[in-house]
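Examination of the molecular architecture
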Amino acid sequence: MKEKTSRIGVSLPPKLLDRFDEMIDGMGYANRSEAIRDAVREYIYKNKLREADEKAKGIGVISLIYDHHLHGVTESLTDLQHNYCDVIQSNTHIHLDHHNCMELIIVEGKITKIQDIKNQLTATAGVKHSDLLINPVEE
Ligand code: NI
């Protein structure tokens, strides 16, 4: 059964719309509306997690990219992770090139705590990029 939809008018700067169209062109969307629906769903999902209540639990992955030559970064990241061994389940380290390392950290526990760990890891000097993929766990 087809879901009932509402029509809305949205004003966007032409450059932003061009970038969006270029991006969805390669992603296999049948039309712009379908891509916008997905973008809105993703926005709601991400922001819902941001306001997760104290008890909500989730499972996810924190990814980090950092330059291991920077003095102390490896030790700092390891020390930090040891403080949260109740939440961190596993860790994979990939040597990307001469300078850069990627770490994928599997986490499970309170979403607020996972976000806290991610923020602390991200704020560590030497970390160039980080991301958090998280799925809520229903109890
Ligand atoms: Ni490495």
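Residues numbered from 1 in each chain as written. Predicted model: local features only at pLDDT ≥ 70, side-chain atom pairs only at ≥ 80, totals over all residues. Heavy atoms only, no water.

Side note on the coordination of the nickel ion
The condition that has to hold: With water omitted from the atoms examined, metal sites may look incomplete; donors here are N, O and S atoms no farther than 2.8 Å from the metal, or 3.2 Å in the case of Na, K and Ca. Remark: exposure states derive from per-residue accessible area (1.4 Å probe, protein chains only) relative to the maximum for the residue type, with buried under 20%, exposed over 50%, and partly exposed in between.
At this site the nickel ion is bound by H93 (NE2), H95 (ND1) and C101 (SG), with donor distances of 2.0 to 2.4 Å. In primary sequence terms, the donor set of the nickel ion follows H-x1-H-x5-C. Accessibility expressed as a relative area gives 2% for C101, which makes it buried.

Looking at a nonpolar patch on the surface
The condition that has to hold: Patches draw on residues past 30% relative accessible area with no salt bridge. Two like charges within 9 Å are joined, as are two nonpolar side chains (Val, Leu, Ile, Met, Phe, Trp, Tyr) within 5 Å. Under the convention used here, a 1.4 Å probe and the Shrake-Rupley method define accessible areas, while residue burial counts only the protein chains that appear. Salt bridges are defined as contacts in which a side-chain nitrogen from Lys or Arg sits within 4 Å of a carboxyl oxygen from Asp or Glu. Each helix is a run of H or I in the DSSP string that is no shorter than four residues. Each strand is a run of E no shorter than two, and both are numbered from the N terminus.
On the surface, a cluster of nonpolar side chains totalling about 410 Å² of accessible area is made up of I8, V10, L12 and L16. Its place among the elements puts L12 in the segment before α1 (14-25).

Section: the pairing of strand β3 (residues 100-110)
Applied cut-off: Pairing between two strands is assigned when DSSP locates at least 2 bridges connecting them.
For strand β1 (residues 57-67) and β3, the ladder comprises 11 bridges, and the chain directions are antiparallel. Considered in β3, the bridge of I65 is made with M102. Looking at chain direction, strand β2 (residues 88-95) and β3 are connected through seven bridges and run antiparallel. Bridge pairing in β3 links H93 to E103. Between β2 and β3, which pair antiparallel and follow one another directly, the connecting turn spans four residues.

Thoughts on helix α3 (residues 73-82)
Stated precisely, the cut-off is as follows: Arc definition: directions from the helix axis to the C-beta atoms. Pairs of residues are marked as contacts when any of their non-hydrogen atoms sit within 4.5 Å.
Turning to α3, its buried residues are V73, L77, L80 and Q81. Each buried residue of α3 sits inside an arc of 95° when the element is viewed along its axis, so together they form one side. In α3, the exposed positions that point more than 90 degrees away from the buried face belong to E75, D79 and H82. Packed against the buried residues of α3 are β1, β2, β3, α4 (111-122) and β4 (127-137).

What to know about the environment of S90
Its location among the elements puts S90 in strand β2. According to the relative accessible area criterion, S90 is partly exposed, its value standing at 35%. Measuring from C-alpha to C-alpha, the distance between S90 and E108 comes to 9.8 Å, with 18 residues separating the pair along the chain. Those residues within four positions of S90 in sequence are excluded, and the remaining contacts are L104, I105 and I106.

Concerning the confidence of the model for the protein
Threshold: The predictor attaches a confidence to each residue, and that confidence, scored 0 to 100, is pLDDT.
Averaged over all residues, the pLDDT of the protein is 90; the fraction at 70 or higher stands at 96%. Across the protein, the element-wise mean pLDDT spans from 84 in helix α2 (residues 32-50) up to 96 in β3.

Some remarks on α1
An α-helical segment advances 3.6 residues per turn. Residues three or four places apart therefore align on the same side. For clarity, the threshold we go by: Multiplying 1.5 Å by the residue count of a helix minus one yields the expected span of that helix.
For α1, with 12 residues, the first-to-last C-alpha span of 16 Å sits near the 16 Å given by 1.5 Å per residue. Of all 12 residues that make up α1, one are buried, and the element is exposed over most of its length.

Remarks on the pairing of β1
As paired elements, β1 and β4 share 10 bridges and run antiparallel to each other. Counterpart to S63 in the pairing with β4 is D131.

Comments concerning the environment of I105
Position of I105 relative to the elements: it lies in strand β3. Look at I105 and you get buried, because its relative accessible area is 0%. Here I105 is in contact with G60, V61, I62, L64, Q81, I88, S90, N91 and L121, once residues within four sequence places are set aside.

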